[in-house]
Each structure stands twice: as structure tokens, then as C-alpha cells.
Amino acid sequence: MKPITLMQTMVLLAMTAVAGCAQHSYVMLADDSGGRGGVMLGEEGQRRLDASGQGMAIAGTGQAYVVPDMRRKADFDKALAAQPALPERFSLHIAPSGALDSTAEQLLDSVLLAAQRRDYPVVTVIGHTDTLGHRAANEQVGLRRAQAVAELLRTKGLEAMELRVESHGERNLLIATPDATAEPRNRRVEILVR
Amino acid sequence: MTCFNNYMLRAFCMAAAVWIAPANAENLPEPVGHVARVEGAAYISSRGYTNAAKVGQAIVPGVALSTGAEGALGVILGDGSVLAFGPHSELTLDDYRFAPALDELRLRATLNRGTLNLIAGDMARLDPQAIAVDTPDGRIGVRGGQVLMKVSP
């Protein structure tokens, strides 16, 4: 019998390692979303994944490792293919007068098109304010902004399975500010088409 | 007068009970998302009933989502989070609340088996602690981004 070469041994070891990964339950960070994404494991979230492509066994105390492309493909190809068309977000800014800006018309048309591309579109219109004023009052202001935009969408003939109108008031800031701060960029209406 | 008040109170309570009960039975929980993609064997179980999943179908907290061999399922939730499953997968949506105005942000699910492709929505941006998926091997906290999980049998 021919003696097993070092190369063959290494290939065998590598295959065992890959097969070993297949046995355990693991998690991987596929996209860190520009540094905002991440995974925390363990009682206190002390085991972390911060970089795209990293994986880690869910159980135990193992360290992060780079998930080989072949492994990722074998395990997740189908779950990745099952991904539906991702939600689309649109944002309308509100002028100090409370009016919509000049680009609004075009943006609303894009919303209608985005809804048309989907078989069962759900459209959520969300009103936002800055932190100036009382929290409860801002929730109402946000709601009125959202209602006005929803009405425009209806007038334009939006067809959706569901049209939801919500307000996040001052609790979903685009630009982080302290309380009682005027910030025009936070006064907006967001439209989520999913 | 007291007797009369008591009587009136009871009468009111009874009337309220009779009036509210049927209304509650009709009231389904508010949908928190919907099915956006189905291929092959994919199911939704709610209140003990299991049905084939259909595109457009509403998702409510407490439902179990599952796929069989060759099955695939994709769901989009209210904050824009996406859950997509490969074959032989099963997940229970234990709790879901996306109400930033009330400071209520949570997505809690249990992945019992299979593969999950999770894309974190607005929820994670507002509170990095909001999304967690339990598995038989432990809890996975998702701070954001796209996360893939595999729970081996």
C-alpha cells in the first residue's frame, strides 16, 4: 500500500473539519450592515460576531471563525433563496410651514410603483417629529403628518393589501439629539413598502 | 339608594360582560407581518391549526412557521425585519411588538430546527437588544445586519 502523503493527510483533516462544522448548530454574520450589525451569544452576550463572514457555534465557549464559502453555500443557499423582495423605504421631509417639499410628488409616484411591483403590498406610513415639545403632543403631530401623506397616496390611487398609518412621534430620530431640540431633518414622514 | 346603585352596577357589569365576550371572540390579534414568499411545503400553525402558508397571509405573535423537504418560506414583519427559511425548518414567533412611540420594541422567536436567514429591520437600529432568537443550544442576540442560523437536529 502506498503511504499516505502529507498532502492527503491535510486534505483529510480539512474535510473532517468541514464535516465537523456540519454537525453543530451555529450562527454567522452574513452582512454587518456597515458596522451596525452584529451577534451576541452567551449569558451576558460576551461572545460576539462583529465582522461579515464570521461564524460561531451557538453552544459552548468557542471563538469566532471564518465560515468557508462552501460551508455557507451548503447550509444557507436555500434560506438565502427564500428571501422575499426586501422592503423599500421612502422618506418625505416636512418644511417648517408643515408643507411637503418640491420632490414629494415624484417620491409619492415611486411609492405607487413600488407597491405595484408587489403581489400583496403592505404600505406603512409613519410620521416622525423632532424632540421639540411634549412627547405626547409630538405623537399626535406625527400622526397628523402621516395621515396627510396617506391621504395623498389614496388620492393618487395607491392600491395596497393594507395601508397602515402610524406615528413614532419623537421616539425614532433620524439624527440623534437631546430632548427639546429643533432638528428639521427629524421632521419627516417615512413610507415602508413591503 | 345604595341598593339601587349596587343593582345598577351589577346590571352594567353583566351587560358589559355579555357585550364584550362575543366581540373578543371575533377580535383576532393585530397582524404584525405577512408572508411574502412561499415555495413547496411551507406551513403556518396558529391556535392549534396548521395550514399551508400563502403569500399575503397575516402573521400574528404566537404563530409557528415551518417548512418541509424542498420547502421555503419568507416573511416580512412590521419594522421591515425579514425572516426567510430553508427546508426542514421550524420557528415560533414568541413575541413581537414594534411601537417606538410606546418604547415597546421586541422580536422574540424560537428556532427549533433548520436554517433561518434573518435581516434585522428598524427595530434593531432603535434598540440593539430588541431582537433575540432562542435555539436548543442557547440564545442568539441580533444587534443588526443579516444573520444566518443553523440548528442541527
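Structure's up top.
Counting restarts for each chain, with residues numbered from 1 along the sequence as it is written. Key to labels: chains lettered from A, ligands numbered from 1, both in the order written. The predicted origin of the model limits local features to residues at a pLDDT of at least 70 and limits the giving and counting of side-chain atom pairs to 80 or more, whereas totals for whole chains, interfaces and linings rest on all residues.

### Observations regarding the overall build of chain B
Phase 1: Strands are runs of DSSP state E lasting at least two residues, helices are runs of H or I lasting at least four, and both sets are numbered from the N terminus onward. If you tally the helices and strands in chain B, you get two helices and 12 strands.
Phase 2: In chain B, the succession of helices and strands from N to C terminus is α-β-β-β-β-β-β-β-β-β-α-β-β-β.
Phase 3: Put simply, a residue is buried when 20 or more other C-beta atoms lie within 10 Å of its own C-beta and exposed when 12 or fewer do; between those, it is partly exposed, and each C-beta is set from the backbone. Within chain B, the fraction of its 153 residues that count as buried is 46%.
Phase 4: In this description, any two residues whose backbone-derived C-beta atoms lie within 7 Å of each other are considered to be in contact. The contacts of chain B with a sequence gap of at least 6 include a subset with a gap of at least 24, amounting to 49%.

### Comments concerning the overall build of chain A
Phase 1: Helix and strand counts for chain A come out as four helices and nine strands.
Phase 2: Reading chain A from its N end, one meets helices and strands in the order α-β-β-β-β-β-α-β-α-β-α-β-β.
Phase 3: The contacts in chain A between residues at least 6 apart in sequence include a share of 63% that link residues at least 24 apart.

### A closer look at unusual backbone geometry
Comment: phi is negative for the bulk of residues other than glycine, and the bulk of peptide bonds are trans.
Phase 1: The phi dihedral of Ser33 of chain A is positive, around 55 degrees, even though this residue is not glycine.
Phase 2: With respect to the secondary-structure elements, Ser33 of chain A resides in the loop between strand E1 (26–31) and strand E2 (38–41).
Phase 3: Positioned with a positive phi, His88 of chain B is a non-glycine residue whose angle comes to about 50 degrees.
Phase 4: Structurally, His88 of chain B can be placed in the loop between strand E7 (82–85) and strand E8 (90–99).

### With respect to the environment of Ile94 of chain A
Phase 1: In this fold, Ile94 of chain A is placed in the loop between strand E6 (88–93) and helix H3 (104–116).
Phase 2: When residues no more than four places from it in sequence are discounted, the contact partners of Ile94 of chain A are Leu100, Arg145, Arg187, Arg188 and Val189 of chain A.

### Some details on the sheet that holds E6 of chain A
Residues and elements named next belong to chain A.
Phase 1: Being paired, for any two strands, means DSSP has found at least two bridges between them. If you trace the four strands from one edge of the open sheet to the other, you get E6-E9-E7-E8, paired in mixed fashion. Across the chains shown, the open sheet's two edge strands, defined by having one partner strand only, are E6 and strand E8 (162–169). Averaged over all neighbouring strand pairs, the angle between strand axes comes to 20 degrees, with direction disregarded.
Phase 2: Summarising the sheet, strand E7 (residues 122–128) and E8 pair through seven bridges and their orientation is parallel. By the bridge assignment for E8, Val123 is matched with Leu163.
Phase 3: Inter-axis angles, ranging from 0 to 180 degrees, are taken between N-to-C directions of lines fitted to C-alpha atoms, where helices are fitted over the stretch in contact. Packing of H3 onto the sheet brings it into contact with E6, E7 and strand E9 (188–193), and relative to E6 it is tilted by some 160 degrees.
Phase 4: Most of the contacts of helix H4 (residues 135–155) go to E8, to which it runs at about 150 degrees, and overall it touches E6, E7, E8 and E9.

### Overview of the pairing of E8 of chain B
All names here are of chain B.
Phase 1: Across three bridges, the pairing between strand E5 (residues 64–67) and E8 is antiparallel. Within the sheet, the bridge partner assigned to Leu65 lies in E8 and is Leu91.
Phase 2: For E8 and strand E9 (residues 104–119), the ladder comprises nine bridges, and the chain directions are antiparallel. From the neighbouring strand, Glu90 faces E9, where its bridge partner is Arg113.
Phase 3: The hairpin turn running from E8 into E9, its antiparallel successor, is four residues long, and Asp103 in that turn takes a positive phi close to 55 degrees.

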